[in-house]
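Spelled out from the first residue to the last, the chains are:
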Number of protein chains: 2
Amino acid sequence: MSVRLTRAGEYAVRCVLCLARRGRGELVSRKEVANEADIPGQFLAKIAQQLARQGVIEILQGAGGGYRLLAEPNHITMLEVIETIIGEISLNDCVVRPASCENSGLCAVHQVWCQAQEQLRDHLRGVTFADLLAEEDKLLHS
Amino acid sequence: MSVRLTRAGEYAVRCVLCLARRGRGELVSRKEVANEADIPGQFLAKIAQQLARQGVIEILQGAGGGYRLLAEPNHITMLEVIETIIGEISLNDCVVRPASCENSGLCAVHQVWCQAQEQLRDHLRGVTFADLLAEEDKLLHS
DNA sequence: TGATATAAGACTAAGTATATCTTAATTATC
DNA sequence: GATAATTAAGATATACTTAGTCTTATATCA
Ligand code: SF4
Ligand code: SF4
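Residues numbered from 1 in each chain as written. Chains lettered and ligands numbered in written order. Predicted model: local features only at pLDDT ≥ 70, side-chain atom pairs only at ≥ 80, totals over all residues. Heavy atoms only, no water.

## Details of the overall build of chain A
In step 1: Across its full length, chain A holds seven helices and two strands.
In step 2: What you see in chain A, going N to C, is helices and strands ordered as α-α-α-β-β-α-α-α-α.
In step 3: For the C-alpha atoms alone, the extent of chain A along its principal axes is close to 55 × 40 × 30 Å.
In step 4: By the burial criterion, 48% of the 142 residues in chain A qualify as buried.
In step 5: Pairs at least 24 residues apart make up 64% of the contacts formed inside chain A by residues separated by at least 6 positions.
In step 6: A distance of 7 Å separates the average location of the 15 positive side-chain charges in chain A from that of its 18 negative side-chain charges. (Helix = DSSP H or I, 4+ residues; strand = E, 2+ residues; numbered from the N terminus. Buried < 20%, exposed > 50% of the residue type's maximum accessible area, 1.4 Å probe, protein only. Contact = heavy atoms within 4.5 Å. Lys, Arg positive; Asp, Glu negative; His and termini not counted. Charge placed at Lys NZ, Arg CZ, Asp CG, Glu CD.)

Written out as structure tokens, the structure reads:
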């Protein structure tokens, strides 16, 4: 059941990956992204706004507007994109807010969660969108 | 926001840890566990039933009844206890149900999720309740 | 039999996720 | 400047999940 990415987080990754395929600075309309990445248009708008606030993408308004990637794909990590949308990844409340459990100072389980969480975050921090594009290429030509 | 343990999962770990402290085979009433581990009584009942079905603990009904650990603490892993309650840990739908996304066969992101998920599960599989007890002991005497 | 304790399922309330709808603001082009 | 295209922002809606309680039945001990 639990411990899973939200739909919005998944869409954010798809959106950035879609823009990364066109290359940094390339302008792509929301409709194009929505179609290509299979994201509900209005929902994509919300997600894109968050990515823009974080500085991952830039949004151009008005006719002929759209989205474009601000940074190079090899400088954008999956962790960054995901946490922009869903907040800091947290396996258990007490990891992010130790005060939520009075026991957290002396709890062996707490330490396990902290370690597991950082391992997971490190893993995602180690994957850039350039990596994803390269891997995608490999998958297509095999 | 997301990617976090549920309350029920947290309670399950507390419950098993509480029983492990008393030692395998020791009978402890639900009320005692609920008090010691700070778990709502009726909610604990549900969780214990699931743990019993999985064979982690045994439940004795009737007057003088309660819970007892069936296996040795060093044979019970955090992963086992948690997944008994919340189902298989899954970072993204497509990992557990590849059919949920038509793209999963050629998706580089999909692979990342699969790897990250297995890394996380391996981590939790590597922690037994004997480990937790030992660590707890260290924390208390330092 | 009566007291104690858990079983099992229905039920509830609150929170979260996943959008959509509406109105407004921005920009390009004619 | 008018019009069309495009995104912004906030309100709203729906469904799902979580977290927990309530009730009735069942099992055990003394
Ligand atoms: S008991 Fe330990 S793991 Fe559970 S919430 Fe408290 S600190 Fe965290
Ligand atoms: S696009 Fe890739 S990561 Fe996203 S759901 Fe589909 S297979 Fe999974």
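Okay, back to it.
## Here we look at empty space enclosed by the protein
In step 1: In the structure shown here, the tally under the stated rule is one cavity of 30 Å³ or more.
In step 2: Its boundaries defined by the atoms lining it, the largest cavity holds a volume of some 30 Å³.
In step 3: Taken together, A:V3, A:L91, A:W113, B:L5, B:I82, B:I86, B:I89, B:L120 and B:L124 make up the lining of the largest cavity.
In step 4: The set of elements that each furnish at least two residues to the lining of the largest cavity consists of α4 (78-86) and α6 (108-125) of chain B.
In step 5: Residues that form the lining of the largest cavity fall into these classes: nine nonpolar, no polar and no charged. (1 Å grid on protein atoms, 1.4 Å probe; cavity = no way out; pocket = protein on both sides within 12 Å on 5 of 7 lines; lining within 4 Å. Points joined across faces, edges and corners; volume = space filled by probe spheres on them. Nonpolar A, V, L, I, M, F, W, Y, C, P; charged D, E, K, R; others polar.)

## Some points on the site of ligand 2
In step 1: All residues in the neighbourhood of ligand 2 are listed as A:E10, A:R14, B:N92, B:C94, B:C101, B:N103, B:S104, B:C107, B:V109, B:H110 and B:W113.
In step 2: Per-site note: the chains with residues close to ligand 2 are chains A and B.
In step 3: If you list the elements that add at least two residues to the shell around ligand 2, you get α1 (7-22) of chain A together with α6 of chain B.
In step 4: Sort the elements by how many residues they give to the shell around ligand 2 and α6(B) lands first, with three residues.
In step 5: Grouping the amino acids of the shell around ligand 2 by side-chain chemistry returns five nonpolar, four polar and two charged. (Near = heavy atom within 4 Å.)

## What to know about the packing of aromatic side chains
Residue and element names in this part refer to chain A.
In step 1: Enumeration according to the criterion identifies two aromatic pairs over all chains in this entry.
In step 2: Seen from their ring centres, Y11 and F43 are 5.6 Å apart, and the 90° between their planes marks the pair as edge-to-face. Residue Y11 is found in helix α1, and its partner F43 is found in helix α3 (residues 41-54); the two are separated by 32 residues along the sequence. (Phe/Tyr/Trp six-rings, centres within 6.5 Å; stacked < 30°, edge-to-face > 60°.)

## Some thoughts on the nonpolar core
In step 1: A:L51, A:M78, A:F129, B:L51, B:M78 and B:F129 are the most contacted members of the largest nonpolar core, which has 96 residues in total.
In step 2: Ignoring sequence-local partners within four residues, the contact set of A:M78 consists of A:L124, A:V127, A:F129, A:L132, B:V109, B:V112 and B:W113. (Core = buried A, V, L, I, M, F, W, Y, C linked by side-chain atoms within 4.5 Å.)

## Structural notes on the protein's contact with DNA strand D
In step 1: Neighbouring residues of DNA strand D: 25 residues in total, closest A:R30, A:K46, A:I59, B:R7 and B:F43.
In step 2: Take A:K46: an N or O atom from its side chain is 2.9 Å from a base nitrogen of DNA strand D.
In step 3: Within the backbone of B:R7, a nitrogen or oxygen atom sits 2.9 Å from a phosphate oxygen of DNA strand D.
In step 4: Sorting the residues of the surface near DNA strand D by element identifies α3 and β1 (57-60) of chain A together with α1 (7-22) and α3 (41-54) of chain B as the ones contributing at least two each.
In step 5: For the surface near DNA strand D, a count of residues per class yields nine nonpolar, 12 polar and four charged. (Polar contact = N/O pair within 3.5 Å; in protein donor to acceptor, adjacent residues only side chain to side chain.)

## A word on the relation of the copies chain A and chain B
In step 1: Its rotation angle being 180°, the transformation that places chain A on chain B also includes 0.0 Å of axial translation and leaves an RMSD of 0.0 Å. Here the copies are linked by what is in effect a two-fold axis. In terms of proximity to the rotation axis, the leading residue of chain A is A:V3, whose C-alpha is 2.0 Å off the axis.
In step 2: Most of the interface of chain A is mirrored in chain B, where 100% of its interface residues are also at the interface. (Least-squares fit on C-alpha atoms with pLDDT ≥ 70 in both.)

## Regarding the interface of chain A and chain B
In step 1: In this complex, chain A contributes 40 residues to the contact, which on the side of chain B involves 40 residues.
In step 2: Across the chain A to chain B interface the summed buried area is about 3700 Å²; carbon plus sulfur atoms make up 63%.
In step 3: Taken together, the connections running from chain A to chain B amount to two salt bridges.
In step 4: With a shortest N-O distance of 3.3 Å, A:R4 and B:D93 are connected by a salt bridge.
In step 5: Looking at the side of chain A that touches chain B, the elements that each hand over two or more residues are α1, α4 (78-86), α6 (108-125) and α7 (129-140) of chain A.
In step 6: Sorting elements by how many residues they give to the side of chain A that touches chain B places α6(A) first, with 11 residues. (Buried area = accessible area lost by both parts, 1.4 Å probe. Salt bridge = Lys/Arg side-chain N within 4 Å of Asp/Glu carboxyl O.)

These figures come from the coordinates and say nothing about function on their own.
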